[in-house]
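# A closer look at the structure
Here is what each chain is made of, one letter per residue.
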Amino acid sequence: MGFLDTILGRSKPVRPDLDQLFAVPSAALTLQAAAGFTLTGLGSVCFAGVEGGGFARLQEDVRELLDADTGRGGIPVEFSRDAYGYTWLLARQPPDDTAALVNDLHAVNTLLQDGGFGPHLLCSLIGFHHPDGRGLALVYLFKRGTFYPFAPLPGTTEKRDNQLELQARAVLGDDLKVEKDLARWFPVWGAPGL
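Thresholds, definitions, all that
Residues numbered from 1 in each chain as written. Predicted model: local features only at pLDDT ≥ 70, side-chain atom pairs only at ≥ 80, totals over all residues. Heavy atoms only, no water. Buried < 20%, exposed > 50% of the residue type's maximum accessible area, 1.4 Å probe, protein only. Helix = DSSP H or I, 4+ residues; strand = E, 2+ residues; numbered from the N terminus. Arc of directions from axis to C-beta. Contact = heavy atoms within 4.5 Å. Core = buried A, V, L, I, M, F, W, Y, C linked by side-chain atoms within 4.5 Å. Axes fitted to C-alpha atoms, helices over the stretch in contact; angles between N-to-C directions. Parallel < 35°, antiparallel > 145°, perpendicular 65-115°, else oblique. Left-handed = near helix turned anticlockwise from the far one by under 90°. Nonpolar A, V, L, I, M, F, W, Y, C, P; charged D, E, K, R; others polar.

Taken together, the buried positions of helix 5 (residues 162-172) are occupied by L164, E165, A168 and L172. All buried residues of helix 5 lie within an arc of 100 degrees about the axis, which places them on one face of the element. Opposite the packed face of helix 5, turned more than 90 degrees from it, sit the exposed residues Q163 and A170. Packed against the buried residues of helix 5 are helix 2 (24-35), strand 5 (135-141) and strand 6 (146-150).

Pasting the structure below:
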């Protein structure tokens, strides 16, 4: 970062640390012990779609990699687009296999980043549920290298359980690098895997 950048208030973007995703299995145990939330077995990656053959080939590579075990009973990945035009990849694993889900999400993020599409990656999401019907997601912000909890209220449209989000932040502070700027805790309404 240069002198002019300092004067103009520009900051160097945080380099994403995809290995942060490997802290999720430990965080999942903490979340279960402290708040009763268990993994759903669903996780997703959100990225801005790009047109062109290179991106289409990379998307097929991702599908082939994650669908390699479908012949042995694995569940194929699903691609979808949301109302804002972002592409979501949904991965499924057994709810008790947090490590496999994290490996899938890490592989997708790594393939996209190594393929030159890192700037198009937005976030990854890991879904949790509570026996009382509440849902919670841990959202990894690719460009910030941090996590935040997202808790939509059950049975409502686009309302959050802010108290649960703050409770999850307090519980997970030792396990994950939690985003400090609450303004960056973006809602991900209707995200696959939630």
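Counting 49 residues, the largest nonpolar core has F128, L136, V139, L176 and V188 as its most contacted members. Apart from residues no more than four positions distant in its own chain, L136 is found in contact with L31, F37, I126, G127, F128, P149, F150, A151, L164, A168 and L194.

In this section: the side chain of T98. Along the chain, T98 turns up in helix 4 (residues 98-117). Setting aside residues up to four positions removed in sequence, T98 forms contacts with V24, P25, A28 and L39.

We now examine the packing of helix 2 against helix 5. Direction vectors running N to C along helix 2 and helix 5 enclose 120 degrees, while the axes themselves pass 10 Å from each other. Judged on the interaxial angle alone, helix 5 and helix 2 are oblique. Between helix 2 and helix 5 the crossing geometry is right-handed. Where helix 2 abuts helix 5, its residues A27, T30, L31, A34 and A35 lie against Q167, A168, V171 and L172. Of the residues belonging to the contact of helix 2 with helix 5, the class tally is 7 nonpolar, 2 polar and no charged.

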